[in-house]
Structures are given as structure tokens and as C-alpha cells.
Amino acid sequence: MPGRNLEAVIAATREVGDMAMARWRGEGKAVSVWNKSHDNPVSDVDLAVDARLKAVLGAIEPRAGWLSEETADNEDRLACRAMWCVDPIDGTRDFIRGRPGWCVSVALVVDGAPELGVLYAPALDELWVAQKGHGATLNGEALRASRRMIFDGSRVPADSLPKIDRDLIMVTKPNSIALRMALVADDRADLVATLRWGFEWDVAAAALIATEAGAIVTDAFGKPLAFNTPRAQAFGVIACAPGIHRAVVSRLHDRAVALTSSS
């Protein structure tokens, strides 16, 4: 099933990405933006992309469940062996501000693990593709993730670094967490790590791309990620070079302790 669908999934992701690109920076007409909750913006473009993806992907694999940031969750997906896991526009803040760090994220999850993953960042002209067991590519070129073995000096996408992380090196940070993880897959960063609850749609496609490129992807505790779970959430995500994974888990623990002590 996954191999047969790959080209169709790529085509669908490109279609909606180009549709969003036509509205980026207000091209065509103004983008309507509101907050779904505090500091959680969404636009009419997010919803349009979501609706189109649901229609096209549903035709590709109609037996699959559906999980998307912009669709009310339905527990019926839990009974499905396969599930589409979608973020119509990951990095909405960059999209609405006219910055390029956003993408369309599409994954097909089978038996709790991503089998296909596609990220399309039209403003960056980047198409990331992975199929389980078949590697990952960026614009058709095979990816090889960071192989860094020393934690000090590791490259991390960030706007600023807390004192505890001053031994790291900042690189450009897109708003999209999926694109940040993809930077590890392309050896433009050595690690991405978060200490907050995150949703499956944020990371499903990027997790497969990074893993297939040779990175390691886990939750903040260093445990494997699971997909199509009842809450559709995990605490934190790590995507990094395998040689520094233990050090990243340890640093996140130290950071959590520091945050607790200061609160």
C-alpha cells in the first residue's frame, strides 16, 4: 500500500502547497487570521488546505483514518490500521508574517508508525520525502543526517539560547518544527529538542524523514514515539545525531530541573 501511494501523496502535497503559496504574503487576497486559543493562530488558508487534503488523500486511501491539526478529532481513527496524519500548514506564524519557514506536512501512519512522509516548503523550494525502509530525499537527493559525536558545539535551530545551552551553536530556525527536524536529516543541524507536549501531526512526517536519513527521533525522555494514540500527543521531541542522543536527553532533564527550580 505505501509504495503504491507515494507519488500520489507527493502530488497531493505539492498541489496544496502551491495553493497556499498563491496566498502567501497576501497574494491574490488578504489572508484572514484568528486565534483558535491563546497565542495559537490559524488562517483561512490552513482550513482550505486541510479540506483539500482530506478530500484528495481520502480518495487515495479511503480506509485510512484522519488526524489533522485543523479537523476535530474523531476516535474512529483508533480502529483503523492506517491513518493520515496531517498538518496543513506547519509554521502558521511564519506563513502569516510572510516568512518562508512553513510547510505542508503529510504522513501515512500504519500500525502506529509512519510509513510515508512528505514535507513541502514551497517558499523555500524544498520537497522532503521518505518511505519506511527506503531512505529520505530532499529535492530528489539522498539525505544523510548529522553524525556528530560530541555534544558541545552542536548546531541547533534557535532564535536565542538559555544560559544552560550556551555551549551550543545557533543556526536558522524556521517556525515549523517539522522543518527544524528536517534540518537534522540534511546535516544542517545536529539536534532539535523540545520540552512541551506536542501533537502527532507536528512531527509524523519529519520523524520518518529524519529516521530514514540516519538520525534518532524520540520523545523528551528518550523513548520511541508512537502514533495514532488516543491523545495524539507526546511529551517533547528529540531529533538528533545518534552519537549525541544520550547527552541531549540528559540536557533536557537538566533544563527541566532548572525550570522547576526557578518557578
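Our subject is the structure that appears above.
Residues numbered from 1 in each chain as written. Predicted model: local features only at pLDDT ≥ 70, side-chain atom pairs only at ≥ 80, totals over all residues. Heavy atoms only, no water.

Trainee: What am I meant to see in the nonpolar core here?
Mentor: Generally speaking, a soluble globular protein has its nonpolar side chains buried in company with each other. In terms of nonpolar packing, the biggest core is built from 41 residues, with Cys-85, Leu-119, Trp-128, Leu-143, Met-181, Ile-209 and Val-217 touching the most fellow members. Among the secondary structure elements, those contributing two or more residues to this core are strand S4 (82-90), strand S5 (103-110), strand S6 (113-121), strand S7 (126-131), strand S8 (136-138), helix H4 (177-185) and helix H5 (200-212). With nine residues, H5 is the largest single contributor of residues to this core. The contacts of Ile-209, once residues within four sequence positions are left out, are Gly-117, Leu-119, Trp-128, Val-129, Ala-130, Ala-136, Leu-143 and Ala-185. One finds Trp-66, Ile-89, Phe-95 and Leu-127 within the second-largest nonpolar core, a separate group that totals 30 residues. (Core = buried A, V, L, I, M, F, W, Y, C linked by side-chain atoms within 4.5 Å. Buried < 20%, exposed > 50% of the residue type's maximum accessible area, 1.4 Å probe, protein only. Helix = DSSP H or I, 4+ residues; strand = E, 2+ residues; numbered from the N terminus. Contact = heavy atoms within 4.5 Å.)

Trainee: How do you make sense of the sheet that holds strand S14 (residues 216-218) when you look at a structure like this?
Mentor: Within a beta sheet, neighbouring strands are joined by backbone hydrogen bonds and run either parallel or antiparallel to one another. Spatially, three strands are ordered S12-S16-S14 in an open sheet, and the strand pairing comes out antiparallel. The sheet terminates laterally at strand S12 (191-193) and S14, the two strands that pair on one side only. In this sheet, neighbouring strand axes are inclined to one another by 5° on average, regardless of whether the strands run parallel or antiparallel. Contacts from H4 reach S12, S14 and strand S16 (238-240) within the one sheet, and its direction differs from that of S12 by about 150°. (Pairing = 2+ DSSP bridges. Axes fitted to C-alpha atoms, helices over the stretch in contact; angles between N-to-C directions.)

Trainee: Would you mind showing me how to read the packing of aromatic side chains here?
Mentor: Between two aromatic rings, the relevant description is the distance of the centres plus the angle of the planes. Evaluated as defined, the whole model comprises five aromatic pairs. A ring pair is formed by Phe-95 and Trp-102, whose centres lie 4.9 Å apart and whose planes are at 90°; its orientation type is edge-to-face. Trp-102 sits in the buried class, given a relative accessible area of 0%. Ring pairs connect the aromatic residues Trp-24, Phe-95 and Trp-102, which therefore count as one cluster. Taking NZ or CZ as reference, Arg-25 lies 4.2 Å from the ring centre of Trp-24, over its face. In this structure, Arg-231 is placed above the aromatic ring of Trp-197, and the distance from its NZ or CZ to the ring centre is 4.7 Å. (Phe/Tyr/Trp six-rings, centres within 6.5 Å; stacked < 30°, edge-to-face > 60°. Lys NZ or Arg CZ within 6 Å of the ring centre and 35° of its normal.)

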